[in-house]
Amino acid sequence: MTNSQLTVVGAGVIGMSCAWRAAAAGFQVTVLDPAPASGASWVAGGMLAPVTEAWPGEEELLELGEESLRRWPQFAAELEAAAGRPAGLRTEGTVVVATGAGDRAELDTLAAYLGKLGRAVERLSGREMRRLEPALGPDVRGGLSVPDDLAVDNRVLLAALRVAAERAGARFVERAARAVLDDGSRVTGVRTDGPGVDSQVVLVCAGAHSARLHPCLEGLVRPVKGEILRLAHRAGAFPPPSRTVRALVDGRPVYAVPRDGGGLVIGATQAETGFDTEVTVGGVRDLLRDAERVLPGIAEYALVESAAGLRPGSPDNLPLVGPAGPDGLLVATGHHRNGMLLAPVTADAVLALLRGDPVPKVVQAADPARFSLARR
Ligand code: GLY
């Protein structure tokens, strides 16, 4: 694919990462989004956590995540240089903690799995955990330290990506894409809620909305709602943790991801209720109850925001990255819980596809052609 014009549909973390890389490589890039950086990427916790977000059995996703995590420090450094502002990477690491006996058994499984993969992981008692992270409460009975699972401030990152993409020459057009058009064999452009856009190469990065844009994507991406809370430390309250804290509380997962300046993102619920972005009372209650069991000091924090986003779920939890349907249609979507983590490797793969180069080996498992509907 050597056409030098590219239309990117969607200005979330994936769309803007691809737009930046493509524009920096000399492609003429137009990004279509009615409200850039406002979807799931805006609501994300920002964990860069291939190990603690994957489960035994999801080996291809884990490999993809590991590869992307390896690329993150350089991605962040290049982004900071290109944008002239921070990329938001945090390198303090992650702890995974358990409260009850059943939760500790799950941690044993995770520790064994991580050990088998050769990942750095340390099993710690409750007391050792509190020495490491004094914000953890007495209900924490033990856990794991996973120093190489990192985090990023999603909003800092999105701001940097927009600046870097624009500085590289990408043009943002605040219009909603309605459909990717083709003439039966090749892409011709994008129908929007305003004037259409002619384009022979279109990259769909529209997250949970991607499946609506072309028949070859029907049924391949679905919205998976996640609610989060944003808290802020107040004077006199117990200081927040410095690492990402993931916890199982009576079998329910909850996480707390620190931000600079005393912020803490608590997440996340998971529900399949269609295109619903209302925050529910039950969601807020569950998140606060479980987070407070692990980090009791948050009771004194300010609750500054609640929000819901729609993760783009795929049938097998792997993203869709590659050509699909008519010639000229590329997709980079379906990143589900891992959009922030997978942005660097996805953008590198998309750039390779645009240049006609081979994609990184680990991305081949994400080829949309694994689903018959998207077969070319
Ligand atoms: N990756 C965090 C979440 O999807 O909630």
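Everything below is about the structure printed above this text.
Residues numbered from 1 in each chain as written. Predicted model: local features only at pLDDT ≥ 70, side-chain atom pairs only at ≥ 80, totals over all residues. Heavy atoms only, no water.

S.K.: Talk me through the overall build of the chain; I want residue IDs and the actual numbers.
M.R.: Scanning the chain for helices and strands turns up nine helices and 20 strands. For a compact globule of 376 residues, the expected C-alpha radius of gyration is about 21 Å, and the chain comes in at 21 Å, within 12% of that figure. Projecting the C-alpha coordinates of the chain onto the three principal axes gives extents of approximately 65 × 40 × 40 Å. Going through the 376 residues of the chain one by one, you find that 57% of them count as buried. Intrachain contacts of the chain at a sequence separation of at least 6 include 73% that bridge at least 24 residues. (Helix = DSSP H or I, 4+ residues; strand = E, 2+ residues; numbered from the N terminus. Rg over C-alpha atoms; globule rule 2.2 N^0.38 Å. Buried < 20%, exposed > 50% of the residue type's maximum accessible area, 1.4 Å probe, protein only. Contact = heavy atoms within 4.5 Å.)

S.K.: Requested: an account of the packing of aromatic side chains, with residues and values cited.
M.R.: Throughout the structure, instances matching the rule amount to two aromatic pairs. Plain terms: the ring middles of tryptophan 20 and phenylalanine 75 are 5.5 Å apart, the flat faces sit at 70 degrees to each other, and that makes the pair edge-to-face. Note that tryptophan 20 is positioned in helix 1 (residues 13–24) and phenylalanine 75 in helix 4 (residues 59–83), a separation of 55 residues in sequence. Per residue, the accessibility class of tryptophan 20 equals that of phenylalanine 75, and both read buried. A ring pair is formed by tryptophan 72 and phenylalanine 75, whose centres lie 5.2 Å apart and whose planes are at 70 degrees; its orientation type is edge-to-face. With tryptophan 72 and phenylalanine 75 both in helix 4 and three residues apart, the pair spans about one turn of that helix. Across the pair, phenylalanine 75 and tryptophan 72 agree in class, each one buried. (Phe/Tyr/Trp six-rings, centres within 6.5 Å; stacked < 30°, edge-to-face > 60°.)

S.K.: Talk me through the packing of helix 4 against helix 9 (residues 339–355); I want residue IDs and the actual numbers.
M.R.: Interaxial distance between helix 4 and helix 9 falls to 7 Å at its minimum, and their mutual angle equals 85 degrees. As judged from the angle between their axes, helix 4 and helix 9 are roughly perpendicular. Every residue of helix 9 that contacts helix 4 at Leu61, Leu64, Gly65, Glu67, Ser68, Leu69, Arg71, Trp72 and Phe75 is listed here: Met340, Leu341, Leu342, Ala343, Pro344, Val345 and Asp348. Residue composition of the contact of helix 4 with helix 9, grouped by class: eleven nonpolar, two polar and three charged. (Axes fitted to C-alpha atoms, helices over the stretch in contact; angles between N-to-C directions. Parallel < 35°, antiparallel > 145°, perpendicular 65-115°, else oblique. Nonpolar A, V, L, I, M, F, W, Y, C, P; charged D, E, K, R; others polar.)

S.K.: Before we move on, can you summarise the side chain of asparagine 154 with the specific residues and values?
M.R.: With respect to the secondary-structure elements, asparagine 154 resides in helix 7 (residues 154–167). Looking at asparagine 154, the relative accessible area reads 0%, which means it is buried. A distance of 3.1 Å separates a polar atom in the side chain of asparagine 154 from a polar atom in the side chain of arginine 230. With residues up to four places along the chain from it excluded, the contact list for asparagine 154 reads Ser41, Trp42, Val43, Ala44, Arg230, Arg259 and Met340. (Polar contact = N/O pair within 3.5 Å; in protein donor to acceptor, adjacent residues only side chain to side chain.)

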